[in-house]
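# What the coordinates show
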Amino acid sequence: MMPQGDGVAKLRGGRPGVAAVGGREHNSGVSFIIGLTGGIGSGKSTVAGMLAERGAVHIDADRVAHEVYAPGTEGHDLLVDRFGDEIVAEDGAIDRRRLGAQVFGDQKALTDLNSIIHPLVRKEIARRLIEAVENDPSSIVVIEAALMTEIGWAGERSTMWTVIAEPETVTRRLVGQRGMDPQDVRLRLAAQATNDERRRISATVIENEGSVIDLEAQVDRAWRELIESLDR
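As a starting point, this report considers the structure included with it. (Residues numbered from 1 in each chain as written. Predicted model: local features only at pLDDT ≥ 70, side-chain atom pairs only at ≥ 80, totals over all residues. Heavy atoms only, no water.)

Our next topic: the nonpolar core. Judged by nonpolar contacts, the single largest core of 28 residues is most densely connected at Leu 79, Phe 83, Ile 117 and Ile 125. For this core, the secondary structure elements donating two or more residues are helix H3 (61-67), helix H4 (74-83), helix H5 (96-103), helix H6 (107-135) and strand S3 (140-144). Take this core: its biggest share by element is nine residues, from H6. (Core = buried A, V, L, I, M, F, W, Y, C linked by side-chain atoms within 4.5 Å. Buried < 20%, exposed > 50% of the residue type's maximum accessible area, 1.4 Å probe, protein only. Helix = DSSP H or I, 4+ residues; strand = E, 2+ residues; numbered from the N terminus.)

Encoded structure:
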């Protein structure tokens, strides 16, 4: 996959961005990067945890996206400047529901939000990648993200893994485990990439339709295959 947008941007001190870390220039630095994606309720976070148990360095891009606008950060200030003090809760944090109400149905507001958040997320992920390389030059890093392109996913020493679950399975899980409304689940699924689209862009597909034991067996097999390929 080729670098996307600001993914190749330099950090302070001339350090590379997300895409560059995975590219040819830095192959000697990081052993491998797994881009792990999947839709809501697919189980990608469970798979990420299993990979971490096997020694991978786990970077959760969705969590990073929340951290970059915590109180006292540049992201917090930029969001308040753009959307106003009304998005700030009593504790000083950004109220995501209030922010969401402003961008829902407003394409320009959504574009502005993404233009603020995505570069900050790319920058922080790149910093964590560099930290992982410095701590262990042979690291295998897992970047978990629902939206890979937006974080600048790319690089030759990398691979895309996708966790797949059928819509009926996802709906049953989210209604039963999170108490979500079935219609809300269907709307969220409709706004995401389809499973066929995810399969087309992925080197490794993990089908999560069975038990946790079945899922772990697939993860273990994929992990062993990756380690064997790197040892050749």
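Next comes the rest of the account.
If you trace the backbone, Ser 202 turns up in the loop between helix H9 (195-200) and strand S5 (204-207). Ser 202 gets classed as buried once you look at its relative accessible area, which sits at 14%. There is a polar contact of 2.2 Å between the side chain of Ser 202 and the side chain of Thr 162. Dropping the residues within four chain positions of it, Ser 202 is found in contact with Met 160, Trp 161 and Thr 162. (Polar contact = N/O pair within 3.5 Å; in protein donor to acceptor, adjacent residues only side chain to side chain. Contact = heavy atoms within 4.5 Å.)

Between its first and last C-alpha atoms H6 spans 41 Å; for 29 residues at 1.5 Å apiece the expected length is 42 Å, and the two agree. Looking at where H6 begins, the residue whose side-chain oxygen comes 3.2 Å from the main-chain nitrogen of Lys 108 is Asp 106. (Expected span 1.5 Å × (residues − 1).)

Moving on, we get to the environment of Arg 63. Considering the arrangement of structural elements, one finds Arg 63 in helix H3. Judged by relative accessible area, Arg 63 falls into the exposed class, the value being 55%. Remark: the alpha-carbon pair of Arg 63 and Glu 144, spanning 81 residues in sequence, is separated by 9.4 Å.

With that settled, consider the environment of Glu 67. Structurally, the position occupied by Glu 67 is in helix H3. On the basis of relative accessible area, Glu 67 is assigned to the partly exposed category, the value being 36%. As a C-alpha pair, Glu 67 and Leu 120 span 53 residues in sequence and 9.8 Å in three-dimensional space. Residues within four places of Glu 67 in sequence aside, it is in contact with Thr 73 and Arg 128. Of the polar contacts made by the side chain of Glu 67, one reaches the side chain of Arg 128; its length is 2.6 Å.

Further remarks concern the packing of H4 against H6. Running from N to C, H4 and H6 point in directions that differ by 165°, and their axes come no closer than 10 Å. In terms of orientation, H4 and H6 fall into the roughly antiparallel class. Between H4 and H6 lies a crossing of right-handed hand. Residue-level inspection shows Glu 74, Gly 75, Leu 78, Leu 79, Arg 82 and Phe 83 of H4 in contact with H6, the latter providing Ala 109, Asp 112, Leu 113, Ile 116, Ile 117 and Leu 120. Class assignment for the residues of the contact of H4 with H6 results in eight nonpolar, one polar and three charged. (Axes fitted to C-alpha atoms, helices over the stretch in contact; angles between N-to-C directions. Parallel < 35°, antiparallel > 145°, perpendicular 65-115°, else oblique. Left-handed = near helix turned anticlockwise from the far one by under 90°. Nonpolar A, V, L, I, M, F, W, Y, C, P; charged D, E, K, R; others polar.)

Distances and angles like these do not, on their own, reveal function.
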